[in-house]
Amino acid sequence: ADIVAHLKEVSLIEDLVIDTDALTLVARQATGSLRDAVSLLDQLGSSSQTITLEMTQLLLGTATSEAVVKMVDALLLEDSAAGLNIIHQALDAGSNPRQFARQIVDYLRNLLLVSMGNADQVDTTSQMRSQMAQHAQAFDVAELLKVVRAFNYAAADARNSWQPALPLELAFVESFSGLSVGTDSAL
C-alpha cells in the first residue's frame, strides 16, 4: 500500500494517467523495493502517458494471468489435453517456465487464502477476486494444498530440468489425478 501511494505521487508529478490496478501490479512486481517500483513505473511511462492494467501486464510479462486462470479451469475439469496445451501455449508465447509456475503458485496461494477466510490478504483486481472466489469454492482444501505443493515444486525444479515444460506438465498431471471437485469435506 505504501509503494502504491508513492507511485501515485510520482505519476502525478510525471503527468501519467495510470489505473490503480496497474499501480498495484507494479508494486507487486517490485517485491517490496520502492526503487524497483519507481523504475518499473518509469519504463511504463516511457511508452505512454496513459497506462492501463493490460498494458502493464504486457510490458511486465505478467499477461499470463489469463493462462493461469485457464490452467486452474482445466485442473477443475480434469481436462489433461487443455491443461497441457495451456502450458505449451504459454511457453511458446515466451513465458519463462519457472516464472509461469510461480504465477500459478501465487494464484493457488491466493485461492487458499480465500478458501481459509482471508480474502482481505489477497491483493488483486475486483474482477480477479471474483474469479478466485469461484475457483476457491470448487476446491477441497486438501486438494488445493496438493496442487500448490505440486506447482511449487515445479517452480523450484524448472531451473534444473533439461526439458523446460516437464516440471509444469508433471505438476499438472499430478494435481488433477484424483481431484474430487466441489467437495467441502476438508472444511
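For clarity, every value in this text was computed on a predicted model and none was experimentally measured.

(A) Here's a closer look at the environment of Glu-174. Here Glu-174 is to be found in helix α10 (residues 166–176). Relative accessible area serves as the criterion here: at 47%, Glu-174 is assigned to the partly exposed category. When the C-alpha atoms of Glu-174 and Lys-146 are compared, they prove to be 8.7 Å apart, with 28 residues separating the residues in sequence. Excluding anything up to four places from it in sequence, Glu-174 contacts Lys-146 and Ala-150.

(B) The arrangement of the packing of helix α7 (residues 97–115) against helix α8 (residues 126–138) in detail. Interaxial distance between α7 and α8 falls to 9 Å at its minimum, and their mutual angle equals 70°. It follows that α7 is roughly perpendicular to α8 by the angle criterion. Side by side, α7 and α8 meet where Tyr-107, Asn-110, Leu-111, Val-114 and Ser-115 of the first sit next to Met-128, Gln-131, Met-132, Ala-133, His-135 and Ala-136 of the second. In terms of residue class, the contact of α7 with α8 is built from 7 nonpolar, 4 polar and no charged.

(C) Expanded view of the packing of helix α1 (residues 2–13) against helix α3 (residues 34–47). In contact at an axis separation of 10 Å, α1 and α3 are set at 40° when each is read in the N-to-C sense. For the element pair α1 / α3, the angle class is oblique. The hand of the α1/α3 crossing is right-handed. Only Leu-34, Ala-37, Val-38 and Leu-41 of α3 make contact with α1, whose side of the interface consists of Ile-3, His-6, Leu-7, Val-10 and Ser-11. Classifying every residue of the contact of α1 with α3 gives 7 nonpolar, 2 polar and no charged.

Rules used in this analysis
- Residues numbered from 1 in each chain as written.
- Predicted model: local features only at pLDDT ≥ 70, side-chain atom pairs only at ≥ 80, totals over all residues.
- Heavy atoms only, no water.
- Helix = DSSP H or I, 4+ residues; strand = E, 2+ residues; numbered from the N terminus.
- Buried < 20%, exposed > 50% of the residue type's maximum accessible area, 1.4 Å probe, protein only.
- Contact = heavy atoms within 4.5 Å.
- Axes fitted to C-alpha atoms, helices over the stretch in contact; angles between N-to-C directions.
- Parallel < 35°, antiparallel > 145°, perpendicular 65-115°, else oblique.
- Nonpolar A, V, L, I, M, F, W, Y, C, P; charged D, E, K, R; others polar.
- Left-handed = near helix turned anticlockwise from the far one by under 90°.

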